[in-house]
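# Working through the structure, step by step
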Amino acid sequence: MQSIRSIFLLLAGITAFVALAVLTFSVTLAVGGILTVLMAGRALSLKMKPAPVRATHKTKPHSGENMRIWNDGRGTIIDL
């Protein structure tokens, strides 16, 4: 009777271990797949060209010089 109980506990322990190992592996694969999709989406979105920005220019007030200043959305450009 004692040996039957020992075999049953051994099989129950092995079954629980295998079940937890399979669960851990499947969760790892799921998280890895989600991260792969997110990283691929980010890499593809960074390669897309940004939308063009309409640049405006201003002339220097009260001066005969034709200094042009405009902002293209990425920074101010001063053309002397």
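Residues numbered from 1 in each chain as written. Predicted model: local features only at pLDDT ≥ 70, side-chain atom pairs only at ≥ 80, totals over all residues. Heavy atoms only, no water.

### Section: the overall build of the protein
Rule in force here: Comment: elements are numbered from the N terminus, with helices defined as DSSP H or I runs of at least four residues and strands as E runs of at least two. Burial classification: accessible surface area is computed with a 1.4 Å probe over protein chains only, and a residue below 20% of its type maximum counts as buried, one above 50% as exposed, and the rest as partly exposed. Two residues form a contact once any of their heavy atoms are found within 4.5 Å. Per-residue and other accessible areas were derived by the Shrake-Rupley procedure at a 1.4 Å probe size, with only the shown protein chains allowed to occlude residues.
Secondary structure summary: the protein contains one helix and three strands in total. When the helices and strands of the protein are placed in sequence order, the string is α-β-β-β. A total of 80 residues make up the protein; the buried ones form 2% of that total. Of the contacts made within the protein by residues no fewer than 6 positions apart, 0% connect residues no fewer than 24 positions apart. Only carbon and sulfur atoms are counted for the fraction: they give 70% of the accessible area of the protein, which is about 7600 Å².

### Points about the UniProt feature "transmembrane region" (unreviewed entry) in the protein
For clarity, the cut-off: UniProt positions are given in the numbering used here, feature names are shortened, and annotations may be inferred rather than shown by experiment.
Within this numbering scheme, the UniProt entry marks residues 6-39 as carrying the feature "transmembrane region" (unreviewed entry). Taken end to end, residues 6-39 comprises 100% helix and 0% strand; its first and last C-alpha atoms sit 49 Å apart.

### Remarks on the pairing of strand β3 (residues 76-79)
Rules: Any two strands between which DSSP finds at least two bridges are classified as paired.
Here strand β2 (residues 68-71) pairs with β3 via four bridges, running antiparallel. Bridge assignment links Arg68 to a residue of β3, and that residue is Asp79. The turn linking β2 back onto β3 is made up of four residues, and Gly73 within it adopts a positive phi angle of 95 degrees.

### Comments concerning a nonpolar patch on the surface
Test applied: Patch building starts from residues that exceed 30% relative accessible area and form no salt bridge, then joins like charges within 9 Å and nonpolar side chains (Val, Leu, Ile, Met, Phe, Trp, Tyr) within 5 Å. Just to be clear on terms, a salt bridge is a Lys or Arg side-chain nitrogen sitting within 4 Å of an Asp or Glu carboxyl oxygen.
A surface patch of nonpolar side chains, about 710 Å² in accessible area, is lined by Ile7, Leu10, Leu11, Ile14, Phe17, Val18 and Val22. Look at Val18 and you get partly exposed, because its relative accessible area is 45%.

### Examining helix α1 (residues 2-47)
It helps to recall that an α-helix has 3.6 residues per turn; residues three or four apart then point in one direction. Here is the rule we go by: Given the number of residues in a helix, its expected span is that number minus one, multiplied by 1.5 Å.
Between the first and last C-alpha of α1 there are 68 Å, a value that for 46 residues agrees with the 68 Å anticipated at 1.5 Å per step. Counting buried positions over the 46 residues of α1 gives zero, only a small fraction of the element.

### Brief notes about the confidence of the model for the protein
The line we're drawing: pLDDT is a residue-level measure of predictor confidence that goes from 0 to 100.
Summary statistics for the protein give a mean pLDDT of 82 and a share of 76% for residues scoring 70 or more. By mean pLDDT, strand β1 (residues 56-59) is the weakest element of the protein at 58, and α1 is the strongest at 93.

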